[in-house]
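Reading the structure
Residue strings, one per chain:
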Number of protein chains: 2
Amino acid sequence: MPLIQSIDSALHTNIGQHGVPTEALDAALARTEAALDWLRARHADGGLPLLQLPATHSDLPELRDRAVALADRATDIVLLGTGGSSLGGQTLAQLAGYMVPGVGALRAGPRLHFMDNLDPDSFGSLLKHLPLQTSRFVSISKSGGTGETLMQTIAVLSALHEASLGPRIPDIFLGLSEPAKPGKKNSLRELLGQYKVPMLDHHTGVGGRFSVLTNVGLLPAAMLGLDVVAIREGASLALKPVLDKRPAKEVPAALGAALSVALAETKNKGISVVMAYADRLERFTRWYVQLWAESLGKDGKGTTPIGALGPVDQHSQLQLFIAGPRDKLFTVITTDRAGKGPRMDKKLSEVAGEPGFGGKTIGDLVGAQGRATAETLAKNGCPVRTMHVPQIDEESMGELLMHFMLETIIAAHLLGVDAFDQPAVEEGKVLAKKYLTA
Amino acid sequence: MPLIQSIDSALHTNIGQHGVPTEALDAALARTEAALDWLRARHADGGLPLLQLPATHSDLPELRDRAVALADRATDIVLLGTGGSSLGGQTLAQLAGYMVPGVGALRAGPRLHFMDNLDPDSFGSLLKHLPLQTSRFVSISKSGGTGETLMQTIAVLSALHEASLGPRIPDIFLGLSEPAKPGKKNSLRELLGQYKVPMLDHHTGVGGRFSVLTNVGLLPAAMLGLDVVAIREGASLALKPVLDKRPAKEVPAALGAALSVALAETKNKGISVVMAYADRLERFTRWYVQLWAESLGKDGKGTTPIGALGPVDQHSQLQLFIAGPRDKLFTVITTDRAGKGPRMDKKLSEVAGEPGFGGKTIGDLVGAQGRATAETLAKNGCPVRTMHVPQIDEESMGELLMHFMLETIIAAHLLGVDAFDQPAVEEGKVLAKKYLTA
């Protein structure tokens, strides 16, 4: 069963003055039709390769073979790459418990280290404590020129040499970058080429923050034994209503984009909070933050994304969400929780003064909390969209990922910005290099 | 050497129209004097026990003994507690590598599991895979009535019974809650009292999000062998200019609060971004988010905090920060990085087409990036405060923590809200319990 979205609690008619007025929503929805036409045209002519991925399976067997071969007998797998070269992989890896409190540290199988931030202490410590003999490395950069990734890669290559593992580098290292183009330097390929490191091709038509369904996201997923076919199939569920030419209001991604843009334009909701009631969606919220921020934040436009987790952020951000400035749209993501997890002993529940807990499960409480938070926000006049998936697995994750990529592209169309560039970050990069070499 | 703060790049005179006008800053600064007087009066009369903590050492030997005894021969330490009962401990634990990519998973010593979110899958997995024989548990709730913490505690007690470890519970479990008061139920104490679990007292005058310098934060820190005295001493550095009756503009916390409130009131900067260039400050940014959001987000007031990490979020949120809506104040936190971390091989740097990397360290690049990001934001007219500490250690962490607690309290004074309550979250709690037992 696919994703169920409701915007009932975001409507002016239901929650009052901070809800979206019917006419503003309808107007924005009408404007999404052109974006949906554009998506269908790009699906037909192949102009946006992202849209071909859900139905593509031919690349997956080789990807799985590569992943399995690299992970074989490894104690540690180190993923070098930042931003969109890492967050998609982390998001999928969390399905297998990566960085989930109480789960990640007790998982069987190789430890994964996504080194997406550059930190001299962390990287020094990693190279000092990593069992290099049984470690594997994957270096990911679309352009091949990402400074952080190049530095990390150079440091690892040097460490392997020092450990006399130089001859094994082609067996324990993998690179992922765009194919070499005549006349254009690809630094990562040149660097790894010196060591005959096998290279996978980064899709040239899919940018970093949209790359989770390519080998960039699926390679780490496959190394963890996840069902990469189901991830792509889940993505097709989100694309289907677009390709089926459903009216915009029946395309969840179009409805979400229209809601967000209409609330920003008519009600000054400049912040978009995505609050997920599942540990395994924590990295997903961070992936969403990059996707939304970097795709829409240009020309003075866009709204500011915030990721939150439930129930823990009820004890952190919820006070502000309910009682602070009315500048937010909320998306609350829930899953079927009833009856799941450890069940409460009746006698202990009574001792704890919570007889109502007796016989209930942890999932029963989490389910009640997700529902209560969405309703409390709405009762207090905050616009809320709810999204529900039966469970967090490969299929629903694929659907959520594609939903938000489509929603972002449609929102960019409504705002009149290019979803696929990020021109503002160049200036700082140039300046940093100047300071580095000064 | 203590924290160095500069607001030069947030001033109208330096960055133009989005900077704070001199008169608005001066007016807000003048209003902080009353808050500083209030703080000094509370320090003198003991009315705000938080202010006594930096100079208090008498409780630390027993706390360390408890921590060492509990951690002795443990493979795993599970911390039950949410919100302010967890984030302070996590923030300090990160000094020892907790949840630092590439570091946390390779650390020697017991694994720490801060179960601050409630998730049936995660908690079920934890209890299934945890080596119960060698695990220790700490349950933290100020009131003793936090539903999530009670459920987790009941589940652990049941699991220990099932594993025939019932008789060992008093040796492997520790509770932390307010002292029992006549006529007021403390559920956690009653529950753990059944098993003769030793209890530490939660300070009655220090609320969760301000509790990092009490045993709530310092117990986990001590279990990791951190220098808890230095944490408190660092905190005293931030308090000193207040107690020394320095003029407001020379009290960093007052200057920060005045800047933030003046920019919100005169320039609509409704979002406060704290971007730290250090892996070991990632949990600190989350701790800050709770502190700022829950203390100030009331009566329609407050600004929305966002935590970010550098350089990784240059590849995620920076595009929006620079080119999106002008609704943000930025705080960029940097440390001395020059010469630190792995050094780049000259030949490999040349092969990678980055001869400028040769002989430089990862820290050299990170240092250059932190500086470049702050300057690029300012050049683009975004108000930036910079904060610099020589290194991330117990002392500087203590200073940062106390700085932001003071800044938050002073900002609350300027906004006219109560920094210490969180009335808006009750409604959802009641509703969740209703749904749970329906």
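Here the structure is a predicted model, which is why all the values come from computation and not from measurement. (Residues numbered from 1 in each chain as written. Chains lettered and ligands numbered in written order. Predicted model: local features only at pLDDT ≥ 70, side-chain atom pairs only at ≥ 80, totals over all residues. Heavy atoms only, no water.)

Notes on the packing of helix H2 (residues 22-45) of chain A against helix H10 (residues 228-243) of chain A
Residue and element names in this part refer to chain A. Test applied: All axes are obtained by fitting lines to C-alpha atoms, using only the stretch in contact for helices, and the reported angles, taken between N-to-C directions, cover 0 to 180 degrees. Every helix listed is a DSSP run of H or I at least four residues long, and every strand listed is a run of E at least two residues long, numbered separately from the N terminus. Note on terminology: angles under 35 degrees are roughly parallel, angles over 145 are roughly antiparallel, angles of 65 to 115 are roughly perpendicular, and the others are oblique. In what follows, a contact means two residues having at least one pair of non-hydrogen atoms within 4.5 Å. In the scheme used here, Gly and all other residues not listed as nonpolar or charged are polar, with Ala, Val, Leu, Ile, Met, Phe, Trp, Tyr, Cys and Pro taken as nonpolar and Asp, Glu, Lys and Arg as charged.
H10 packs onto H2 with a crossing angle of 110 degrees between their chain directions and a minimal axis gap of 10 Å. Classified by the interaxial angle, the pair formed by H2 and H10 is roughly perpendicular. Taken together, the residues of H10 that come into contact with H2 (itself represented by Leu36, Leu39, Arg40 and His43) are Leu239, Val242 and Leu243. The class makeup of the residues in the contact of H2 with H10 is five nonpolar, one polar and one charged.

A look at the side chain of Asp364 of chain B
The test is simple: Type-normalised accessible area, obtained with a 1.4 Å probe on protein chains alone, sets the label of each residue: buried when under 20%, exposed when over 50%, and partly exposed for intermediate values. Residues scored as positive are Lys and Arg, those scored as negative are Asp and Glu, and His as well as the terminal groups of each chain are ignored. One speaks of a salt bridge when a side-chain nitrogen belonging to Lys or Arg is within 4 Å of a carboxyl oxygen belonging to Asp or Glu.
The residue Asp364 of chain B is located in helix H15 (residues 362-379) in this model. Buried and unpaired, Asp364 of chain B has Arg343 of chain B as its nearest opposite-charge partner, separated by 4.8 Å.

Some words on the packing of aromatic side chains
Stated precisely, the cut-off is as follows: Pairing of aromatic side chains requires ring centres within 6.5 Å, counting the rings of Phe and Tyr and the six-membered ring of Trp. Pairs whose planes differ by under 30 degrees are stacked, by over 60 edge-to-face, and all others tilted.
The tally for this structure, following the rule as stated, stands at 16 aromatic pairs over all chains. Geometrically, the ring pair formed by Phe210 of chain B and Phe420 of chain B is tilted, given 5.1 Å between the ring centres and 50 degrees between the ring planes. Of this pair, Phe210 of chain B sits in the loop between strand S6 (199-201) and helix H9 (215-223) while Phe420 of chain B is found in the loop between helix H16 (394-415) and helix H17 (426-437), placing the two residues 210 residues apart along the sequence. By relative accessible area, which is 36% here, Phe420 of chain B ends up partly exposed. Aromatic rings pair up to connect Phe284, Trp287, Tyr288, Trp292 and Phe404 of chain A into one cluster.

Observations concerning the sheet that holds strand S9 (residues 328-335) of chain A
All names here are of chain A. Heads up, the rule is: For two strands to pair, DSSP has to find at least two bridges joining them.
As summarised here, the arrangement of the five strands in space is S1-S10-S9-S7-S8, forming an open sheet in which the pairing is mixed. In the strand order of this sheet, the two ends are held by strand S1 (4-6) and strand S8 (304-309), each with one partner. The mean angle between the axes of side-by-side strands here comes to 15 degrees, regardless of whether they run parallel or antiparallel. Of the pairings in the sheet, the one linking strand S7 (residues 271-276) to S9 comprises six bridges and is parallel in character. When the sheet's bridge partners are listed, Met275 is paired in S9 with Val332. Contacts from helix H15 (residues 362-379) reach S7, S9 and strand S10 (384-389) within the one sheet, and its direction differs from that of S9 by about 160 degrees. Here helix H16 (residues 394-415) sits on the sheet in contact with S1, S9 and S10, set at roughly 150 degrees to S10.

Describing the sheet that holds strand S8 (residues 304-309) of chain B
All names here are of chain B. Across the sheet, which stays open at both edges, the five strands sit in the order S1-S10-S9-S7-S8 with mixed pairing between neighbours. Strands with a single pairing partner mark the edges of an open sheet, and in this sheet they are strand S1 (4-6) and S8. Strand-to-strand twist across the sheet, computed as the mean angle between neighbouring axes with direction ignored, equals 15 degrees. Pairing analysis gives six bridges linking strand S9 (residues 328-335) to strand S10 (residues 384-389), with the strands arranged parallel. In the sheet register, Thr334 faces S10, and the bridge partner there is His388. Sitting on the sheet, H15 touches strand S7 (271-276), S9 and S10, and the angle it makes with S9 is about 160 degrees. In the packing of H16 onto the sheet, contacts are made with S1, S9 and S10, and the angle to S10 comes to roughly 150 degrees.

Comments concerning the pattern of salt bridges
For side chains of opposite charge, pairing can occur when their charged atoms come near one another. Residue and element names in this part refer to chain A. Applying the stated criterion to the full structure yields 48 salt bridges over all chains. Its salt-bridge partner being Asp37, residue Arg40 comes within 2.8 Å of it at the nearest N-O pair. Here Arg40 and its partner Asp37 are both found in helix H2, three residues apart, which amounts to about one turn of the helix. For Arg40, a relative accessible area of 13% puts it in the buried group. The shortest N-O distance in the salt bridge between Asp244 and Lys240 comes to 2.7 Å. In this structure Lys240 comes out as partly exposed when scored by relative accessible area, which is 46%.

Comments concerning the domain arrangement of chain A
All names here are of chain A. We count it as follows: Marked domain ranges trace back to an automatic or database domain assignment. Buried area: the accessible area, evaluated with a 1.4 Å probe, that two parts lose upon being put together, summed over both parts. Whenever two N or O atoms come within 3.5 Å, that pair is a polar contact, provided that in protein one can donate a hydrogen and the other can accept it, and provided that, for residues adjacent in sequence, both atoms are side-chain atoms.
Under the domain assignment, chain A is made up of domain 1 (4-41 + 230-423) and domain 2 (53-228). On a C-alpha basis, the centroid separation for the pair domain 1 and domain 2 is 30 Å. Around 2,700 Å² of area is buried between domain 1 and domain 2 when both sides are counted, 62% of it from carbon and sulfur atoms. Of all residues in domain 1, the largest losses of buried area upon contact with domain 2 belong to Arg232, Arg280 and Arg283, amounting jointly to 33% of the total for that side. Here domain 1 and domain 2 share three salt bridges between them. Inspection of the domain 1/domain 2 interface yields 19 residue pairs in polar contact (both at pLDDT 80 or more). Listed by contribution, the elements that provide at least two residues to the side of domain 1 that touches domain 2 are H10, helix H12 (282-296) and H16. Among the elements that make up the side of domain 1 that touches domain 2, the one with the highest residue count is H12 (nine residues). Taken together, the residues that form the side of domain 1 that touches domain 2 break down as 16 nonpolar, four polar and twelve charged.

Description of the nonpolar core
Under the convention used in this document: Working definition of a nonpolar core: buried Ala, Val, Leu, Ile, Met, Phe, Trp, Tyr and Cys residues. They are joined through side-chain atoms within 4.5 Å.
Residues Trp287 and Met405 of chain A together with Trp287 and Met405 of chain B are the most contacted members of the largest nonpolar core, which totals 194 residues. Contacts of Met405 of chain B, omitting those with residues within four sequence positions, involve Leu50, Phe210, Val212, Leu213, Trp287 and Leu291 of chain B. In terms of nonpolar packing, the next biggest core, distinct from the first, is built from 126 residues, Tyr277 and Met344 of chain A together with Ile271 and Leu348 of chain B among them.

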